[in-house]
Amino acid sequence: MAFSDKNREILEQELDNIRDAGLFKEERIICAPQDSEIEVVFPMGAEEKKVINMCANNYLGLSSHPDVVEAARKGLDHRGYGMSSVRFICGTQDIHKQLEEKLTEFLGTEDTILFPSCMDANCGVFEAVLNEEDVMIADRLVHASIVDGMRLAKAQQDTYKHSNMDHLEKKLKLHRDKRLRMIITDGNFSMDGDLAKLDKIVALADKYDALVFVDDSHASGFIGKTGRGTHEHCGVMGKIDVFTTTLGKALGGASGGCVSGRKEIVEMCRQKARPYLFSNTIAPVVVEGALAVLNLISKNTGRRDKLEKNTEFWRKGLTEAGFVLKDGETPIVPVMLFNAKLSQDFANDLYERGIYAIGFFFPVVPKGQARIRTQLSAAHEMSHLEKALAAFIEVGKKYDILGKSKQEIIEKYGN
Ligand SMILES: *Cc1c(COP(=O)(O)O)cnc(C)c1O
């Protein structure tokens, strides 16, 4: 029998376990292009509802920008739909090389190699560059795709406490004898919206002759004065040895990722990175769209500036209303609720009021740190944010958490 009852039962049981643990993920269906206002169907079979989107990674509002859509359309006309090949066989067009050059210029690095996604970049880079004589020392909160990439590499693994520079220094001392030491961090940590201390990390890397790896997926395009990323914000342009980042967030939001950095590292990836060698090339449509995005945001900083203003308004509004936020300055603004069920109820009440935001709880965030993660976009107008803020305040009042401290909220709802 192809799929026996016994096999089905085993898997059904696993799924039931996920449901029983309250961890079953249900997709909301969006019946519109990605934007600050979208039509959503939730739950399945419900009426379509127009809501303000507070949870996309569409930081610069470029996911359906007319110039980007037009460029993608031209790409379709000029370079076709697909390449039916990996890069090194017959999957490299002139526009792929142009996009790599453009990313190098934008990030301020030496060279860039495209991957099908940033997940693929992270899964390829460590194995391609490091061997068993080396060590990877990662921040404990790095993205899941980095964790997976590290698992695939032969180098020794170690970690340091989140953004704890003393601990990192200890680990660098401990691994003095290794051939290569690579410090690994996210630029902007996606769950808390806090930035890595790249100036301090680079100083330690200098002192202990280590390489610095930064995944800037939640920063490329908008963090730093001209949006280059966390390295620009921290004043260490040119000093990061290897970046990975995604085209799937601020940079148009379609798909694709890259490794960008020292030219020898990029060349090692071209020779050896398995997701580069064995997975299809990025579609020409997406490449042309991404080129248009980089042209748009290289010309002026209007979009990232608007995003910064929106972020200030939103953080100030929520703080003054009496919510507990995670401190920070990035467009990732977590509204802390501490209790898992409260985070779900809160999100449902927001949805009823036309605000789309998602409650996160363990294991996506640590136990007792449930929250609604809000994300700002340059596509938000003041009217959207005012309406969203009013809804947050209404729901905050309903659950009587405004002006309450972390301790008081936990006493009331548990965690
Ligand atoms: C989103 C994200 C990724 C994955 O990017 P894809 O291009 O969608 O695979 C990798 N790393 C970090 C830090 C991310 O936030």
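Residues numbered from 1 in each chain as written. Predicted model: local features only at pLDDT ≥ 70, side-chain atom pairs only at ≥ 80, totals over all residues. Heavy atoms only, no water.

### Description of the nonpolar core
- Ranked by internal contacts, the top residues of the largest apolar core, which has 60 residues, are Trp314, Phe346 and Phe392.
- Of all the secondary structure elements, the ones that give two or more residues to this core are helix H4 (94–107), helix H12 (284–299), helix H13 (302–321), strand E11 (332–338), helix H14 (340–352), helix H15 (382–398) and helix H16 (406–413).
- The biggest single contributor to this core is H12, with 8 residues.
- Sequence-distant contacts of Phe346, that is, excluding residues within four places in its chain, are made with Phe323, Leu337, Ile372, Phe392, Val395, Gly396, Tyr399 and Ile401. (Core = buried A, V, L, I, M, F, W, Y, C linked by side-chain atoms within 4.5 Å. Buried < 20%, exposed > 50% of the residue type's maximum accessible area, 1.4 Å probe, protein only. Helix = DSSP H or I, 4+ residues; strand = E, 2+ residues; numbered from the N terminus. Contact = heavy atoms within 4.5 Å.)

### Brief notes about the packing of aromatic side chains
- Inspection of every chain in the model, using the stated rule, returns 11 aromatic pairs.
- Ring geometry for Phe323 against Phe392: centres 6.0 Å apart, planes inclined by 85 degrees, an arrangement best described as edge-to-face. Taken together, the positions of Phe323 in the loop between H13 and E11 and Phe392 in helix H15 put the pair 69 residues apart, joining distant regions of the chain. Of the two residues, Phe323 and Phe392, both sit in the buried class.
- Over the ring of Phe42 we find Arg28, and its NZ or CZ is 4.1 Å from the ring centre.
- The aromatic ring of Phe362 is capped on one face by Lys367, whose charged end is 4.0 Å from the ring centroid. (Phe/Tyr/Trp six-rings, centres within 6.5 Å; stacked < 30°, edge-to-face > 60°. Lys NZ or Arg CZ within 6 Å of the ring centre and 35° of its normal.)

### Concerning the environment of Glu70
- If you trace the backbone, Glu70 turns up in helix H2 (residues 66–79).
- In this structure, the C-alpha to C-alpha distance between Glu70 and Glu132, residues 62 residues apart in sequence, is 47 Å.

### Examining the site of the ligand
- As a structural note, the neighbourhood of the ligand is formed by 13 residues, with Cys118, Met119, Asp215, Thr246 and Lys249 the closest of them.
- In this structure, an oxygen atom belonging to the ligand sits 2.8 Å away from a main-chain N or O atom of Cys118.
- A distance of 2.7 Å separates an oxygen atom of the ligand from a polar atom in the side chain of Lys249.
- Expressed as a share of its isolated accessible area of 380 Å², the protein-covered part of the ligand is 82%.
- In terms of residue count, the dominant contributor to the shell around the ligand is helix H5 (residues 118–129) (3 residues).
- Here the shell around the ligand is composed, by residue class, of 2 nonpolar, 8 polar and 3 charged. (Near = heavy atom within 4 Å. Polar contact = N/O pair within 3.5 Å; in protein donor to acceptor, adjacent residues only side chain to side chain. Areas by Shrake-Rupley, 256 points an atom, 1.4 Å probe, with all protein chains shown as cover. Nonpolar A, V, L, I, M, F, W, Y, C, P; charged D, E, K, R; others polar.)

### Examining helix H10 (residues 263–272)
- Buried within H10 we find Ile265, Val266, Cys269 and Arg270. All buried residues of H10 fall inside an arc of 145 degrees around its axis, so they share one side. (Arc of directions from axis to C-beta.)

### As for the domain arrangement of the protein
- The domains assigned to the protein are domain 1 (24–53 + 301–413) and domain 2 (66–299).
- Between the C-alpha centres of domain 1 and domain 2 the distance comes to 29 Å.
- On the side of domain 2, 16 residues touch domain 1, which itself brings 15 residues to the contact.
- Carbon and sulfur atoms supply 57% of the area that domain 1 and domain 2 bury against each other, a total of about 1,300 Å² over both sides.
- The three residues of domain 1 that bury the most area against domain 2 are Arg304, Thr330 and Ile332, which together make up 37% of that side's buried surface.
- Summed over the shared surface of domain 1 and domain 2, the result is 2 salt bridges.
- Arg371 is paired through a salt bridge with Asp192; the nearest N and O atoms lie 2.6 Å apart.
- Every element with two or more residues in the side of domain 1 that touches domain 2 is listed here: H13, E11 and strand E14 (370–375).
- Among the elements that take part in the side of domain 1 that touches domain 2, E14 stands out by supplying 3 residues, more than any other.
- A per-class count over the side of domain 1 that touches domain 2 returns 7 nonpolar, 3 polar and 5 charged. (Domains from an automatic or database assignment. Buried area = accessible area lost by both parts, 1.4 Å probe. Salt bridge = Lys/Arg side-chain N within 4 Å of Asp/Glu carboxyl O.)

### A look at the sheet that holds strand E1 (residues 29–30)
- Here we have 4 strands laid out as an open sheet, ordered E1-E2-E3-E12, and mixed in their pairing. Each edge of the open sheet carries a strand with a single partner, namely E1 and strand E12 (355–356).
- The sheet contact formed by strand E2 (residues 37–41) and strand E3 (residues 49–53) spans 4 bridges and is antiparallel. For Ile38, the partnering residue across the bridge sits in E3 and is Val51.
- Its contacts with the sheet put H14 on E2, E3 and E12, and the angle it makes with E3 is roughly 120 degrees. (Pairing = 2+ DSSP bridges. Axes fitted to C-alpha atoms, helices over the stretch in contact; angles between N-to-C directions.)

### With respect to the state of the cysteines
- The full count for this structure, using the stated rule, is 0 disulfides.
- No disulfide involves Cys118; its sulfur sits 7.5 Å from that of Cys258, the nearest cysteine.
- Lacking any disulfide linkage, Cys123 is separated from the closest cysteine sulfur, that of Cys118, by 9.5 Å. (Disulfide = S-S within 2.5 Å.)

### Things to note about the pattern of salt bridges
- Scanning all chains against the criterion turns up 25 salt bridges.
- A salt bridge links Glu100 to Arg87, with the shortest nitrogen-to-oxygen separation between them at 2.9 Å. With Glu100 in helix H4 and Arg87 in helix H3 (residues 87–90), this pair connects stretches of sequence that are 13 residues apart.
- Under the relative-accessibility criterion, Glu100 is labelled buried at 2%.
- Glu264 serves as the salt-bridge partner of Lys263, at 3.5 Å between the closest nitrogen and oxygen.
- Classification of Glu264 as partly exposed rests on a relative accessible area of 48%.
- Overlapping salt bridges bring together Arg87, Lys97, Glu100 and Arg270 as one network.

### Let's talk about the sheet that holds E11
- The antiparallel open sheet is built from 3 strands, whose spatial order is E11-E14-E13. This sheet does not close on itself; its edge strands, each paired only once, are E11 and strand E13 (358–360). Each strand axis lies, on average, 30 degrees off the axis of its neighbour in the sheet, ignoring direction.
- The sheet contact formed by E13 and E14 spans 3 bridges and is antiparallel. When the bridges of E14 are listed, Ile358 appears paired with Arg373.

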